[in-house]
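Chain residues, written in single-letter form:
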Amino acid sequence: MALTSSYFDEGALIGVLTTQPLDRVLDYRAPEGGCHLGAFVEVPLGPRKVLGVVWGPGQGDYDISKVRSVIRVLDAAPMREELMSFLTRAGDYTLTPMPAMLRLATRAPGLGDPPSMRKIYRLGDCAPDRMTDARTRVLDVLREMGGLSLTLKEVAEAAGVTTSVVKGLVKQGAVREEDSPRDMPFPTLDPTYAGKDLTADQSTASATLRAAVATRSYGTTLLKGVTGSGKTEVYLEAVAECLSQGRQALVLLPEIALTAEFLTRVDARFGAKPAEWHSGVTITERRRVWKMTAQGGAQLVVGARSALFLPFRDLGLIVVDEEHDTSYKQEDGVLYNARDMAVLRASICGAQVILASATPSLESWANADAGKYTKLELTSRFGAAVMPDMRAIDMRNEQLPSSSWISPTLQRAVQQRLDNGEQALLFINRRGYAPVTICRACGHQIGCDHCDARMVEHRFLKRLVCHQCGETKPMPNTCPSCEAEDKLAAVGPGVERLAEEAQTLFPDARLAVLSSDMFGSARALKAEIETIASGGADLIIGTQLVAKGHNFPLLTLVGVIDADLGLQGSDLRAAERTFQLMRQVAGRAGRADKPGQALMQTYQPEHPVIRAILSGDEQDFWTAEAGERRAAGVPPYGRLAGIILSSTDVQEVFDLGNALARNDGPLRRVGAQVFGPAPAPIARVRGRHRVRLLVKAPKGTALQPALAEWIKPFRLKGELRMAIDIDPQSFY
Ligand SMILES: [Zn+2]
Ligand SMILES: [Zn+2]
């Protein structure tokens, strides 16, 4: 793109990429006053006006007399060539049409609107008629802010008062209310504000990362460290280096629920909070973040994977925290892996990438092993605690009554911790009360009407929920099949049912249940986590949610109810995921000055993955796992792509699948093989029948162009949909 002119005079023929699903860039004429390459514009399309970006010179292959003019240039910084190039290459990699890529980069409504106004508050001149505690706190907050102004919500929150207290002070002239443009820069972060004392290990790692950021060029570092080793402190030093160079930094987190805790840490380190970008952020705030990243008014963005597509002015560092987390793979719409896309964007804009994890993905482990990534390892934990003592409970030797899941051995261990006044955690990776509801009269299992999936009873919500499509219905009293009354029974444990059993076994213990569907908001979840961390519960019952980075300093025992659960799938990553999850969960125990223990209930203690988890020898595990994947020619030692076809008409999907499999010439020419079509593991979701094909190719194959050529002749008519998943992470 370097040869493209960066400015187009009025009337010049330009190509505009729109967010509309068209397969080409459209020709227009530059508007009055001309426009820049990358300018956000409004263009006519038929009778409508649509958003677009000036993508380059026009093609000129369209009837020149019919070419229309750009309506107007929007009030937004033009898209940089770096981002245009990133979108193009990410689109090529994921085989995503460019309009869909542009939609990812423009997820902020009202981009073209003039800046709107909002009320801001600062200290006034008059004293209020009488002082109250609440009023004093408000005035103190505003005094501390100096000349800075805050929104009503910010003042009230900082002072811990209701908004009416602030409004009352406005009436008296003690607080001034003013209009201000809504899209204000974020408060300045000070890289020298409060450096933490680091251990020798951490200092060495942070010096290496700082030096890497100082090169102002691309590089990726795998930062590996067990829970409590201070990974966050270390990578925040790299952020500090990036900020002091005047460049912007992006930190990706796998879970919104972790954001609040992280913002507090940023505030403590840099003296202010960064910009936030995720689905919980309001529309106006999203627009502010979008605009400020483009203008440089946001130095640090903390957010979800889609933050990768923000129009940063000068991005110098991307941190992908918990880089192994499956939530980085977008499984809807554009199928991309944020970890891989972070590396791609950084390589284009000359930024550093830090992949942080206690349990890295095999992909990152292999890249570090091959010398593509630098590897840094933090070993020491704070407070001289080490990884907990890990043991298996062989369930074949335990006497367990039916419909109970806590073995006598685990029960004794929990009781001992409770007697010592310590916390214990029981982990089960299953939401809801019971995974299966069965009729004892006819054997019918209640399934979702729209999917090939059983409905999961959620007693907390008093409903049955389909975990595939989200459909819910009330728990029926009669069997939907044989209409027998009161014969429906719960089979198997979920987190809610485990809590019920625990309460019976430990009647005096204060229980806390942590499952993602039990909290209406991230705020409520954060409050619950803080309560637990400060000792407000004796026994925690949790799902995968507890594995993700929360600190429970009083916790000394982790009991895993079913360590075999993740090993049952046919997924090529089943072993890797189980290994990571078990190590993370076990890592919750024994953080401060008390040694921890992890007990894993299993029916197959001799299974290689279970043995690797117990021995704690990661290198052994990865070497064995890498060997198996290499032999099978699968990622990261081979290439895979999944093709998912779906339709409401089952015949139609199989016909297309068979036609694709028969016409595989373009794939065979590059040495790729196609398998299938076969019904997808979940053969029906939301009423659509699903069929999969799997394409396998040797490492280093230029797979995407071959895939594009392969699918090109096939037109998707009517209800048919095709999704292409490059490097698939899940195989449902
Ligand atoms: Zn029945
Ligand atoms: Zn469903």
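Residues numbered from 1 in each chain as written. Chains lettered and ligands numbered in written order. Predicted model: local features only at pLDDT ≥ 70, side-chain atom pairs only at ≥ 80, totals over all residues. Heavy atoms only, no water.

Peer 1: Is there a simple way to explain the overall build of the protein chain in this structure?
Peer 2: Scanning the protein chain for helices and strands turns up 20 helices and 31 strands. In terms of overall dimensions, the protein chain has a C-alpha envelope of 85 × 85 × 60 Å along the principal axes. Considering only contacts in the protein chain between residues 6 or more positions apart, those separated by 24 or more positions represent 76%. Here the protein chain has roughly 31,700 Å² of accessible surface; of this, 50% comes from carbon and sulfur atoms. (Helix = DSSP H or I, 4+ residues; strand = E, 2+ residues; numbered from the N terminus. Contact = heavy atoms within 4.5 Å. Areas by Shrake-Rupley, 256 points an atom, 1.4 Å probe, with all protein chains shown as cover.)

Peer 1: Before we go on, may I ask you to explain the coordination of the zinc ion (ligand 2) in this structure?
Peer 2: Around a metal, the ideal angle is 109.5 degrees if four donors adopt a tetrahedral arrangement and 90 or 180 degrees if six donors adopt an octahedral arrangement. The protein atoms that coordinate the zinc ion (ligand 2) are C448 (SG), C451 (SG), C466 (SG) and C469 (SG), at distances spanning 2.3 to 2.4 Å. Each of the 4 donor atoms around the zinc ion (ligand 2) contributes to a set of angles spanning 104 to 114°, which defines the coordination as tetrahedral. Here the donor residues for the zinc ion (ligand 2) map to a single chain with the spacing C-x2-C-x14-C-x2-C. Placement of C448 in the loop between β19 (436-439) and β20 (456-458) and of C466 in the loop between β21 (463-465) and β22 (472-474) is noted, with a sequence separation of 18 residues between them. (Donors = N, O, S within 2.8 Å, 3.2 Å for Na, K, Ca; no water. Tetrahedral: all angles 85-135°; square planar, octahedral: opposite > 155°, others 65-115°.)

Peer 1: Looking at this structure, I do not really get the packing of aromatic side chains. What am I missing?
Peer 2: Tallied over the full model, the rule gives 8 aromatic pairs. One aromatic cluster in this structure is built from W365, F579, F621 and W622. Here the guanidinium or amino end of R286 rests over the ring plane of W277, the centre of that ring lying 4.3 Å away. Of note, R630 hangs over the ring of Y637, and the distance from its end group to the ring centre comes to 4.4 Å. (Phe/Tyr/Trp six-rings, centres within 6.5 Å; stacked < 30°, edge-to-face > 60°. Lys NZ or Arg CZ within 6 Å of the ring centre and 35° of its normal.)

Peer 1: So what exactly am I meant to see when it comes to the coordination of the zinc ion (ligand 1) here?
Peer 2: The zinc ion (ligand 1) binds to the protein through C439 (SG), C442 (SG), C479 (SG) and C482 (SG); the donor distances cover 2.3 to 2.4 Å. Angles of 105 to 111° at the metal separate the 4 donor atoms of the zinc ion (ligand 1), which places the site in the tetrahedral class. Taken in chain order, the donor set of the zinc ion (ligand 1) reads C-x2-C-x36-C-x2-C. Of this pair, C442 sits in the loop between β19 and β20 while C482 sits in the loop between β22 and β23 (488-491), and the two are 40 residues apart along the sequence.

Peer 1: Can you help me understand the nonpolar core in this one?
Peer 2: Across soluble globular proteins, nonpolar side chains have a tendency to be buried as a group. With 68 residues, the main nonpolar core has I14, M79, L250, V301, L308 and F309 as its most contacted residues. In terms of residue count, helix α10 (residues 338-349) provides more of this core than any other element does, 7 residues in total. Those residues within four positions of I14 in sequence are excluded, and the remaining contacts are F8, L26, D27, Y28, R29, A30, C35, V54, G56, P57, G58 and V70. Grouped together as the second largest cluster of nonpolar side chains are 40 residues, L514, A537, F552 and F621 included. (Core = buried A, V, L, I, M, F, W, Y, C linked by side-chain atoms within 4.5 Å. Buried < 20%, exposed > 50% of the residue type's maximum accessible area, 1.4 Å probe, protein only.)

Peer 1: Which parts of the structure should I look at to understand empty space enclosed by the protein?
Peer 2: Empty space left among the atoms is revealed by rolling a probe the size of a water molecule over them. Inspection of every chain in the model, using the stated rule, returns 3 cavities of 30 Å³ or more. If you add up the space inside the largest cavity, you get close to 100 Å³. Around the largest cavity sit 15 residues that line it, and H324, D325, T326, R339 and Q729 are the ones nearest its centre. In terms of residue count, helix α15 (residues 574-586) provides more of the lining of the largest cavity than any other element does, 3 residues in total. Grouping the amino acids of the lining of the largest cavity by side-chain chemistry returns 1 nonpolar, 6 polar and 8 charged. One number sums up the size of the second largest cavity: a volume of about 70 Å³. Lining the second largest cavity are Y93, T94, K329, L335, Y336, N337, D340, M341, I726, D727 and Q729. Of all the secondary structure elements, the ones that give two or more residues to the lining of the second largest cavity are α1 (81-94) and α10. Looking at the lining of the second largest cavity residue by residue, the classes come out as 5 nonpolar, 3 polar and 3 charged. (1 Å grid on protein atoms, 1.4 Å probe; cavity = no way out; pocket = protein on both sides within 12 Å on 5 of 7 lines; lining within 4 Å. Points joined across faces, edges and corners; volume = space filled by probe spheres on them. Nonpolar A, V, L, I, M, F, W, Y, C, P; charged D, E, K, R; others polar.)

Peer 1: Quick question: what am I supposed to make of the side chain of T578 here?
Peer 2: As for its placement among the helices and strands, T578 is situated in helix α15. Setting aside chain neighbours within four positions, we find T578 in contact with A563, G566, L567, V609 and I613.

Peer 1: In this structure, what is going on with the sheet that holds strand β31 (residues 721-726)? I would like to understand it.
Peer 2: Neighbouring strands of a sheet are bound in pairs by backbone hydrogen bonds; such pairs are parallel or else antiparallel. In space, the 4 strands of this open sheet follow the order β29-β30-β28-β31, with antiparallel pairing throughout. The sheet is open, and its two borders are formed by β29 (673-685) and β31, each paired with just one other strand. Strand after strand, the sheet turns through a mean of 20° between neighbouring axes, direction not considered. In the sheet, β29 pairs with strand β30 (residues 688-698) via 7 bridges, with the strands oriented antiparallel. Paired with P679 across the two strands is V691, which belongs to β30. Its contacts with the sheet put helix α20 (residues 703-711) on β28 (638-647), β29, β30 and β31, and the angle it makes with β28 is roughly 25°. (Pairing = 2+ DSSP bridges. Axes fitted to C-alpha atoms, helices over the stretch in contact; angles between N-to-C directions.)

Peer 1: How should the pattern of salt bridges be read in this particular structure?
Peer 2: Pairing between side chains becomes possible if they bear opposite charge and their charged atoms approach one another. Per the stated rule, a full pass over the model turns up 35 salt bridges. R143 is paired through a salt bridge with D140; the nearest N and O atoms lie 3.1 Å apart. Of the two residues, R143 and D140 both sit in helix α3 (residues 133-144), 3 residues apart, roughly one turn of that helix. A salt bridge links D664 to R668; the shortest N-O distance between them is 3.0 Å. Exposure remark for D664: the relative accessible area of 13% places this residue in the buried category. For R668, a relative accessible area of 55% puts it in the exposed group. (Salt bridge = Lys/Arg side-chain N within 4 Å of Asp/Glu carboxyl O.)

Peer 1: I'm lost on the sheet that holds β22 in this one. Help?
Peer 2: Pairing is antiparallel across the open sheet formed by 3 strands, whose spatial order is β20-β21-β22. In the strand order of this sheet, the two ends are held by β20 and β22, each with one partner. Going from strand to strand, the sheet's axes swing by 30° on average, the running direction of each strand aside. With 3 bridges connecting them, β21 and β22 associate as antiparallel partners. Its bridge partner being in β22, L464 is matched across the sheet by K473.

Peer 1: What's the story with unusual backbone geometry in this structure? I'm lost.
Peer 2: For residues that are not glycine, phi is negative in most cases, and the peptide bond is trans in most cases. Here the amide bond leading from P635 into P636 is cis, since omega sits at 0°, within 30 degrees of zero. Within the secondary structure, P636 is located in the loop between α17 (618-632) and β28. Here G676 and P677 are connected by a cis peptide whose omega angle stands at 10°. Relative to the helices and strands, P677 is located in strand β29. The backbone of R216 sits at a positive phi, close to 55°, despite the residue not being glycine. On the basis of relative accessibility, which here comes to 40%, the residue R216 falls in the partly exposed class. Even without glycine at this site, D727 takes up a positive phi of about 50°. Inspection of the secondary structure assignment puts D727 in the segment after β31.

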